[in-house]
Amino acid sequence: MKENKYETESEKLYKEFEDEALPHMDAIYNFALKMSGDSDVADDLVQDTFMKAFRFFDKFEKGTNCKAWLFRILKNSYINEFRKSSREPDKVDYEDVQNFYETIKSSEISSNHIVEDEFSKLLDDEITEAITKLPEDFRTVIILSDIEGFTYEEIAEFVDIPVGTVRSRLHRARKMLYTKLYDYANDRGFVKNSDKGKNKI
Amino acid sequence: MKKDIIYENITAYVDGEKTDEKLNFESDIKSNKDFEFEYRVQSSVKRIVASKGIFTPCPEYLKERIKKEIREVIINNVNRTNEDTNKKLSLSDLLKIIFKPQLALAGAFIAVILMFLFSSDGNKNFAELIELQLGNKNMLFQARSNFENILAGKLKPQIISANSEIIKNYFRQSGVNYSSEVTECKNWNLLGGVVSEENGVKLAHHVYEKDGMLIYIYQAKKDYFLNDKILFLSSDLIEKIEESNYLICEKEYKTIATWEKSGNIFVLVSNSPVKTLEDTFLSNIL
């Protein structure tokens, strides 16, 4: 029987795609879900991303970072087709966060105690909720850096901002998260010697 | 050094990224309570997000759905390619039979007729099909002519904006009666849009620019070709568009592409090379 070269080529392409791209489905889904906050939207985003990736897989430069390439495709789909329909969390006034942060800071430095072990008592859901409530720009850098392990340079390329802005956004994002987690820990009585309810944003 | 800059350098230090060479973190952080606090906040939040932020893996049903859809794409492509090959084979087989020595003259005549018939049955490539798109109502013909007018400065955007939503709003307000797609693209600067009119129907056009290169996109509802006959494209070209992700070729130093998306037919004309367009534009918007 004569070998069909088109079948062979397609099989080869699919095998390469399976090896290079499909292992990143979990990371892409997790990011899509955290960004959209909606599992139906995340499903559509991931499907759209992988169909596009397969369509343009011959353009992918072998040996380069496939995960970063997939994230770029995801970002384009997210910006162009899904962001408009998804609900953006309430805006956070960074000045309020900064003031609250400074209050915690001075009280913790003077009492020689830093609330961090208390955070480990918080539920995973509470941590995830705190991340989801961050404004989109800050949420993006936190997920890419602390969950996906991207470098500043990769994040800069993904978000299309300078590396210095990535650093500054991450710094602020972690401060925001710290205040949010402090709030949760305080509400649940994990923070000793705190004036419960007073230190709130 | 300003405190804020030091704080941000502490963040970079926590992340193992490049920091300002003037800072000696090991000693500076330990000797200053303020810096130590910042360091512990940054590192503890990083640790807690990595360890306790819920990582939701892709559900199995979705993985299977995507794999199935990709396999279907492959099967369709293989079938289409095989059909094309089979057509070519049957033509060459026919020619072999016709070109038996005793039938040489008659065979040559029949071959010419056959080649004519086969060349008009949809087997033409995109570059050849473009040549057949003529007439004032033909979308490809209009697009090529509009692009020349843009380059000559005769056709200017009616709305200038880099914001896709503003351009789409303009299309809607100007009477474009179908859902238009205008995409912001990292590598190309959106310039603006134009609304034209054909038999009382408004049509949407928009333009991108990068380093002296232009991309002009004309989009129209597919119904305008099929039912309403507002615009025209040859049926073999429409068939080819339906079968492909996109069609692209270079013609007279211009790149021409066409595709179908969300119920619209798109025609792109650009002075940028095919490869650049595929890598920097089409891969982002399709």
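Our structure is the block above this text.
What comes next is a walk through the structure.

So, how was this worked out
- Residues numbered from 1 in each chain as written.
- Chains lettered and ligands numbered in written order.
- Predicted model: local features only at pLDDT ≥ 70, side-chain atom pairs only at ≥ 80, totals over all residues.
- Heavy atoms only, no water.
- Phe/Tyr/Trp six-rings, centres within 6.5 Å; stacked < 30°, edge-to-face > 60°.
- Helix = DSSP H or I, 4+ residues; strand = E, 2+ residues; numbered from the N terminus.
- Buried < 20%, exposed > 50% of the residue type's maximum accessible area, 1.4 Å probe, protein only.
- Expected span 1.5 Å × (residues − 1).
- Polar contact = N/O pair within 3.5 Å; in protein donor to acceptor, adjacent residues only side chain to side chain.
- Contact = heavy atoms within 4.5 Å.
- 1 Å grid on protein atoms, 1.4 Å probe; cavity = no way out; pocket = protein on both sides within 12 Å on 5 of 7 lines; lining within 4 Å.
- Points joined across faces, edges and corners; volume = space filled by probe spheres on them.
- Nonpolar A, V, L, I, M, F, W, Y, C, P; charged D, E, K, R; others polar.
- Salt bridge = Lys/Arg side-chain N within 4 Å of Asp/Glu carboxyl O.
- Pairing = 2+ DSSP bridges.

Once that is clear, we can look at the packing of aromatic side chains. Evaluation of the coordinates by the stated rule reveals 18 aromatic pairs over all chains. Between Phe31 of chain A and Phe158 of chain A, the aromatic rings sit 5.7 Å apart at their centres with planes inclined by 80 degrees, giving edge-to-face as the arrangement. Of the two residues, Phe31 of chain A sits in helix H2 (residues 25–36) while Phe158 of chain A sits in helix H8 (residues 152–159), which places them 127 residues apart along the sequence. Taken as a pair, Phe31 of chain A and Phe158 of chain A share a single burial class, namely buried. Between the aromatic rings of Tyr178 of chain B and Tyr224 of chain B, the centroid separation amounts to 5.6 Å while the plane-to-plane angle is 85 degrees, which identifies the pairing as edge-to-face. Here Tyr178 of chain B, found in the loop between helix H8 (164–173) and strand E2 (189–198), pairs with Tyr224 of chain B, found in helix H9 (residues 223–226); they are 46 residues apart in sequence, far enough to count as distant. Given a relative accessible area of 7%, Tyr178 of chain B falls into the buried group.

An α-helix turns once every 3.6 residues. As a result, residues three or four positions apart point the same way. With 20 residues, helix H3 (residues 33–52) of chain B should reach 28 Å at 1.5 Å per residue; the first-to-last C-alpha distance of 27 Å fits that figure. Measuring from the backbone nitrogen of Asp34 of chain B back to the side-chain oxygen at the start of H3 of chain B gives 2.8 Å, which picks out Asn32 of chain B as the cap.

A few words now on the side chain of Gln42 of chain B. With respect to the helices and strands, the residue Gln42 of chain B is situated in helix H3. Those residues within four positions of Gln42 of chain B in sequence are excluded, and the remaining contacts are Leu170, His171, Arg174 and Lys175 of chain A together with Thr11 and Val14 of chain B.

Moving on, we come to the layout of surface pockets. Estimated volume of the second largest pocket: approximately 660 Å³. Contributing elements (two or more residues each) for the lining of the second largest pocket: helix H4 (66–82) and H8 of chain A together with helix H11 (274–285) of chain B. Ranked by residue count, the leading element in the lining of the second largest pocket is H4 of chain A, at seven residues. Counted by class, the lining of the second largest pocket contains 10 nonpolar, seven polar and 10 charged residues.

This next bit is on the side chain of Thr255 of chain B. All names here are of chain B. Here Thr255 shows up in strand E6 (residues 254–261). Within the structure, the side chain of Thr255 is placed 2.6 Å from the backbone oxygen of Ser272, a separation counted as a polar contact. Beyond its immediate sequence surroundings of up to four residues, Thr255 is in contact with Ile248, Cys249, Glu250, Leu268, Val269, Ser270, Ser272, Pro273, Val274 and Leu277.

Moving on to the pattern of salt bridges. Working definition: two side chains of opposite charge can pair if their charged atoms are close together. Following the criterion strictly, the structure yields 20 salt bridges over all chains and no others. In this structure, Glu148 of chain B engages Lys254 of chain B in a salt bridge whose closest nitrogen and oxygen atoms are separated by 3.7 Å. Of this pair, Glu148 of chain B sits in helix H7 (residues 139–151) while Lys254 of chain B sits in strand E6, and the two are 106 residues apart along the sequence. Here Glu148 of chain B falls in the partly exposed class, since its relative accessible area comes to 40%. Overlapping salt bridges bring together Asp146 and Arg174 of chain A together with Asp15 and Lys46 of chain B as one network.

Along a regular strand, successive side chains alternate from one face of the sheet to the other. Residue and element names in this part refer to chain B. Counting buried positions over the five residues of strand E5 (residues 247–251) gives four, a clear majority of the element. Note that E5 and E6 share five bridges and pair antiparallel. Within E6, the position partnered with Cys249 by the bridge is Ile256. Connecting the antiparallel pair E5 and E6 is a turn made up of two residues, with Glu252 showing a positive phi of about 50 degrees.

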